[in-house]
Amino acid sequence: VENTCYYNENVTFFYKVVNKTISTGWNEWDYVVIGLGLTVCVIALLANLLVMIAIFMNRRFHFPIYYLLGNMAAADLFAGIAYTNLMLHTGPWTRTLTMEQWYIRGALIDISLTASVANLLAVAVERHQTIITMQLHSTMPKRRVVLLIVCIWATSIIMGLVPTFWNCECDLKDCSTLAPLYSRRFLIFWAVLNLLTFFIIVAVYTRIFIYVKNQSKNTSQQVTEIRQQTVVNLMKTISMVLGAFVICWTPGLVTLLLDGLLGKESHADRYEKYCLFIAGCNSLVNPIIYSLRDVEMRRTFKWILCSLCQRGVHQHRQLSLVKRGTSL
């Protein structure tokens, strides 16, 4: 029996194995959660798209650090798509999913998380290399930046596909409570890997801040006070992005880790919705941080939005003139 594989079963079968119920209908609270979640996702999509356009349009952002932040916005945009897909395939709709659709639903979230973590790690390494060499921006060639971004997404896609073959279809005792088709051993690996990466990133930033603090005490004139302040401000902005990411994702990762270690005894399903909502909100946080912390980014946002408004007014006027002409 232990060697039997349940490839031909449906999603509902694995939910029953872990005693996780799939609701048969919607209540008022479900509508509120779905409506709020979809609203956050739509705003996150538009906000991160705005960040990507701003970095593309403003030549002052054409440096490796901003390319990586733009890729971070792309990961957040992808996360918005992943959570929108989750919202539209959750609750009673889960019963209608095929095994492949269920795996795709989870893979999209896994890919977005991996891309965000990998981007944060790449930004940390770039900032460490740049600041230690007393520079504001890295001299990394654009081709290398593009290659790095391609590697980030390739790794993310691979990690997103891992659960399709590391699952519990042949070992029902290993099924997760939160994600019934996932292996608990995979959840432990996944959670520990991401939490360990968080620790490494925080350690790198701590070393950078200590270095910058020590440099500010020296009388060396290698960099001007204004240049050093610019470096510190950029570091603070990136650190806020990192802090928001860790705060939003750590509860979910810890919940996954407890589910992997304790299974049903962890009662992780009680906190599942809250963790997902907090993690989803992270996609909306970064554009807000850029708007509050980066003056140039804020100016670019205003310019883009004003240009869109003016174009809309201009098109409306032209349409009105055409209607008048045809009526005459």
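Quick caveat, the model's predicted, so the values are computed rather than measured. (Residues numbered from 1 in each chain as written. Predicted model: local features only at pLDDT ≥ 70, side-chain atom pairs only at ≥ 80, totals over all residues. Heavy atoms only, no water.)

1. Let's talk about the overall build of the protein
Item 1. Looking only at helices and strands, the protein features nine helices and zero strands.
Item 2. For the protein, the succession of helices and strands along the chain, N to C, is α-α-α-α-α-α-α-α-α. (Helix = DSSP H or I, 4+ residues; strand = E, 2+ residues; numbered from the N terminus.)

2. Concerning the packing of aromatic side chains
Item 1. Tallying each qualifying case throughout the model produces 15 aromatic pairs.
Item 2. On the numbers, 5.2 Å between centres and 85° between planes, the contact of Phe-13 with Phe-14 is edge-to-face.
Item 3. Overall, the relative accessible area of 0% leaves Phe-14 in the buried class.
Item 4. Their ring planes at 85° and their centres at 5.6 Å tell us that Phe-198 and Phe-245 sit as a pair that is edge-to-face. Residue Phe-198 is found in helix α6 (residues 184-217), and its partner Phe-245 is found in helix α7 (residues 225-262); the two are separated by 47 residues along the sequence.
Item 5. The exposure class of Phe-245 is buried, given its relative accessible area of 1%.
Item 6. In textbook terms, an aromatic cluster arises when at least three aromatic residues are bridged by ring pairs, as seen for Trp-102, Tyr-103, Trp-166, Tyr-182, Phe-186, Phe-189 and Trp-190. (Phe/Tyr/Trp six-rings, centres within 6.5 Å; stacked < 30°, edge-to-face > 60°. Buried < 20%, exposed > 50% of the residue type's maximum accessible area, 1.4 Å probe, protein only.)

3. Here we look at helix α3 (residues 64-87)
Item 1. Over its 24 residues, α3 extends 34 Å from the first C-alpha to the last, a length consistent with the 34 Å expected when each residue adds 1.5 Å.
Item 2. α3 sits mainly inside the fold: 19 of its 24 residues count as buried. (Expected span 1.5 Å × (residues − 1).)

4. With respect to the state of the cysteines
Item 1. Per the counting criterion, the structure on display carries two disulfides.
Item 2. Between Cys-5 and Cys-170 runs a disulfide, and the two sulfur atoms are separated by 1.9 Å. Note on the Cys-5 and Cys-170 pair: the S-S dihedral is about 110°, so by sign convention the disulfide is right-handed. Of the two residues, Cys-5 is situated in the segment before α1 (11-17) and Cys-170 in the loop between α5 (142-161) and α6; the sequence distance between them amounts to 165 residues.
Item 3. According to the relative accessible area criterion, Cys-5 is partly exposed, its value standing at 30%.
Item 4. A relative accessible area of 27% places Cys-170 in the partly exposed class.
Item 5. Across the disulfide, Cys-168 is cross-linked to Cys-175 (sulfur-sulfur distance 2.1 Å). One quick way to see it: the torsion about the S-S bond of Cys-168 and Cys-175 is about 95°, and its sign makes the bridge right-handed.
Item 6. Counting its disulfide-bonded cysteines in sequence order, the protein shows a connectivity of 1-3, 2-4.
Item 7. In this structure Cys-41 is not part of a disulfide, and its nearest cysteine sulfur, from Cys-281, lies 8.9 Å away. (Disulfide = S-S within 2.5 Å.)

5. Quick word on a nonpolar patch on the surface
Item 1. There is a patch of nonpolar side chains on the surface, built from Leu-49, Met-52, Ile-53, Phe-56, Met-57 and Trp-303 and spanning about 600 Å² of accessible area.
Item 2. With respect to the helices, strands and loops of the structure, Ile-53 is situated in helix α2 (residues 28-57). (Patch = residues over 30% accessible without salt bridge, like charges linked within 9 Å, V, L, I, M, F, W, Y side chains within 5 Å. Areas by Shrake-Rupley, 256 points an atom, 1.4 Å probe, with all protein chains shown as cover. Salt bridge = Lys/Arg side-chain N within 4 Å of Asp/Glu carboxyl O.)

6. A short note on the UniProt feature "transmembrane region" (unreviewed entry) in the protein
Item 1. Here the UniProt feature "transmembrane region" (unreviewed entry) sits at residues 31-56, 63-83, 103-125, 145-166, 186-210, 231-254 and 274-292.
Item 2. Between the first and last C-alpha atoms of residues 103-125 the distance is 32 Å; the span itself is 100% helix and 0% strand.
Item 3. Annotated as residues 145-166, this span is 77% helix and 0% strand, and its ends, taken at the C-alpha atoms, are 32 Å apart. (UniProt positions renumbered as here; feature names shortened; annotations may be inferred.)

7. Some details on unusual backbone geometry
Item 1. Positive phi, normally seen in glycine, also occurs at Asn-19, with a value near 60°.
Item 2. Its place among the elements puts Asn-19 in the loop between α1 and α2.
Item 3. Residues other than glycine seldom take positive phi values, yet His-267 does so here, at roughly 55°.
Item 4. Relative to the helices and strands, His-267 is located in the loop between α7 and α8 (272-293).

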